[in-house]
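Architecture and fold: a report
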Amino acid sequence: MDCIFCKIVDGSIPSKKVYEDDQIVCFYDLEPQAPVHALIIPKAHIACVDDINESNSSVVAHIFEKAPEIAKSLGLENGYRLVSNCGADAGQTVFHLHFHLLGGKKLNTNMA
Ligand code: 5GP
Ligand code: ZN
């Protein structure tokens, strides 16, 4: 499968990794939209939020369990935003589930 984030998981595309365990990887976004902008992804390929189901959702829970620890490790003591784009209207460009972890400044409150 030709998936950029699967290639980041297997190491064939380099990334600046922030965190990794057996289920998930967190790495810095290539085009940061905030002073801190990282992506948290499952190692297993899930295309987007639409494809989360009973058999794969434990990794999503794991992402949310680890997010506060990852945020703290990036110095986001004052808050952060965790967001996932799903589909065309949301502007999803990479079809491997990912959560943008954004912070390092007072973020824009207009989310749409
Ligand atoms: P989306 O628009 O799908 O929600 O977000 C995809 C994100 O992946 C974008 O913020 C984009 O900058 C980032 N991205 C795309 N390709 C790469 C890459 O090869 N490496 C890294 N680190 N980020 C990437
Ligand atoms: Zn993938």
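Summary of the structure given here. (Residues numbered from 1 in each chain as written. Chains lettered and ligands numbered in written order. Predicted model: local features only at pLDDT ≥ 70, side-chain atom pairs only at ≥ 80, totals over all residues. Heavy atoms only, no water.)

Topic: the environment of Ile 70
Inspection of the secondary structure assignment puts Ile 70 in helix H2 (residues 58-73). Exposure remark for Ile 70: the relative accessible area of 1% places this residue in the buried category. In sequence terms Ile 70 and Tyr 19 are 51 residues apart; their C-alpha atoms lie 7.0 Å from each other. Excluding residues that lie within four positions of it along the chain, Ile 70 makes contacts with Val 18, Tyr 19, Cys 26, Ile 40 and Leu 101. (Helix = DSSP H or I, 4+ residues; strand = E, 2+ residues; numbered from the N terminus. Buried < 20%, exposed > 50% of the residue type's maximum accessible area, 1.4 Å probe, protein only. Contact = heavy atoms within 4.5 Å.)

With respect to the nonpolar core
By size, the foremost hydrophobic cluster in this structure holds 18 residues, and its most contacted members are Ile 24, Cys 26, Ile 40, Ile 70, Leu 74, Leu 76 and Leu 101. If you list the elements that add at least two residues to this core, you get strand S2 (24-28), strand S3 (36-42), H2 and strand S5 (99-103). Here this core gets six residues from one element, more than from any other, and that element is H2. Beyond its immediate sequence surroundings of up to four residues, Leu 76 is in contact with Val 36, Ala 71, Leu 101, Gly 103 and Gly 104. (Core = buried A, V, L, I, M, F, W, Y, C linked by side-chain atoms within 4.5 Å.)

Details of the site of ligand 1
The environment of ligand 1 is made up of 16 residues, and the closest members are Tyr 28, Asp 29, Asn 85, Thr 93 and His 100. Here Val 94 contributes a backbone N or O atom positioned 3.0 Å from an oxygen atom of ligand 1. It is helix H1 (residues 4-10) that contributes the most residues to the shell around ligand 1, three residues altogether. (Near = heavy atom within 4 Å. Polar contact = N/O pair within 3.5 Å; in protein donor to acceptor, adjacent residues only side chain to side chain.)

No statement about biological role is implied by the geometric values presented.
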